[in-house]
Amino acid sequence: MRTKHTFRLPPDLAIKLADYAQRKRVPQALIVEAAVASFLSPDGSERLEGALGRRLDRLIRQVDRLERHVTISNEALALFVRFWLTATPPLPDTAQPGAQAKGRERYEGYVEALGRRLAKGRTLADEISLDVAPADEAADEGSHRS
């Protein structure tokens, strides 16, 4: 048995309720009933806290992954710049135009190669994980044998 209630909603909330009910293909009364039950439920705040906690945990894992990728990128760039500065001698002024032309050509090749690599979906972080993981596992196995 159900008790009838009459109440008024602000126009914007009434529109949102009607739109939601139409999208979900359920009666508006069912949505209002679920909303009131959820609002009055004693464990509603615990459920909300649990959902927020799970979402925060997922965001923390994503930020940790991003931080790792940025660290890898920074270190790779720093290593390359250090190597390039160490190994590349300065050019005489007469050789600059030819070197600049060759540099543009090499840069275009680099951009094409980067595009192909990104299209494949493999990243430097993935490759490093694959290269480092076997070495880490071998080190772990060696320490367990001792």
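Residues numbered from 1 in each chain as written. Predicted model: local features only at pLDDT ≥ 70, side-chain atom pairs only at ≥ 80, totals over all residues. Heavy atoms only, no water.

### Some thoughts on the overall build of the protein
Each helix and strand counted, the protein has five helices and zero strands in total. In the protein, the succession of helices and strands from N to C terminus is α-α-α-α-α. Scored against the burial criterion, the 146 residues of the protein give a buried share of 4%. Total accessible area on the protein is roughly 13400 Å²; 60% of this is exposed by carbon and sulfur atoms. (Helix = DSSP H or I, 4+ residues; strand = E, 2+ residues; numbered from the N terminus. Buried < 20%, exposed > 50% of the residue type's maximum accessible area, 1.4 Å probe, protein only. Areas by Shrake-Rupley, 256 points an atom, 1.4 Å probe, with all protein chains shown as cover.)

### Thoughts on helix α4 (residues 96-120)
Here α4 is 25 residues long and its end C-alpha atoms lie 36 Å apart, about the 36 Å a rise of 1.5 Å per residue gives. Immediately beyond the C-terminal end of α4, within one or two residues, lies G121, with a positive phi of roughly 90 degrees. (Expected span 1.5 Å × (residues − 1).)

### Description of the pattern of salt bridges
Going through the model one piece at a time under the given rule, you end up with two salt bridges. For R2, the salt bridge identified is with E33, shortest N-O distance 2.7 Å. Here the residue R2 occupies a position in the segment before α1 (11-24), and E33 occupies one in helix α2 (residues 28-40), the gap between them amounting to 31 residues. Overall, the relative accessible area of 67% leaves R2 in the exposed class. Look at E33 and you get partly exposed, because its relative accessible area is 37%. Note that E105 and K102 form a salt bridge whose closest N and O atoms lie 3.3 Å from each other. One end of the pair is E105 and the other is K102, both in helix α4 and three residues apart, which spans about a single turn. (Salt bridge = Lys/Arg side-chain N within 4 Å of Asp/Glu carboxyl O.)

### Observations regarding unusual backbone geometry
Peptide bonds are trans in most cases, and residues, glycine excluded, mostly fall at negative phi. Look at R25: it is not a glycine, yet its phi comes out positive at around 55 degrees. Take R25: it is sitting in the loop between α1 and α2.

### Details of a positive patch on the surface
Taken together, the side chains of R55, R58, R61 and R65 make up a positively charged region of the molecular surface. Residue placement: R55 occurs in helix α3 (residues 44-87). (Patch = residues over 30% accessible without salt bridge, like charges linked within 9 Å, V, L, I, M, F, W, Y side chains within 5 Å. Lys, Arg positive; Asp, Glu negative; His and termini not counted. Charge placed at Lys NZ, Arg CZ, Asp CG, Glu CD.)

### Let's talk about a nonpolar patch on the surface
Residues L77, F80, V81, W84 and L85 make up a contiguous nonpolar surface patch of about 530 Å² in total accessible area. Among the secondary structure elements, F80 is positioned in helix α3.

### Considering the layout of surface pockets
Considered as a void within the structure, the largest pocket measures approximately 920 Å³ in volume. Contributing elements (two or more residues each) for the lining of the largest pocket: α3 and α4. In terms of residue count, α4 provides more of the lining of the largest pocket than any other element does, ten residues in total. When residues of the lining of the second largest pocket are assigned to their parent elements, the largest contribution, five residues, is made by α2. Tallied by class, residues from the lining of the second largest pocket come to five nonpolar, three polar and three charged. (1 Å grid on protein atoms, 1.4 Å probe; cavity = no way out; pocket = protein on both sides within 12 Å on 5 of 7 lines; lining within 4 Å. Points joined across faces, edges and corners; volume = space filled by probe spheres on them. Nonpolar A, V, L, I, M, F, W, Y, C, P; charged D, E, K, R; others polar.)

### A few points about the packing of α1 against α2
Their axes nearest at 9 Å, the elements α1 and α2 cross at an angle of 110 degrees. In terms of orientation, α1 lies roughly perpendicular with respect to α2. Contact with α1, carried on its side by L17, A18, Y20 and A21, involves Q28, I31 and V32 of α2 and no other residues of that element. Each residue belonging to the contact of α1 with α2 can be placed in one class, and the counts come to six nonpolar, one polar and no charged. (Axes fitted to C-alpha atoms, helices over the stretch in contact; angles between N-to-C directions. Parallel < 35°, antiparallel > 145°, perpendicular 65-115°, else oblique. Contact = heavy atoms within 4.5 Å.)

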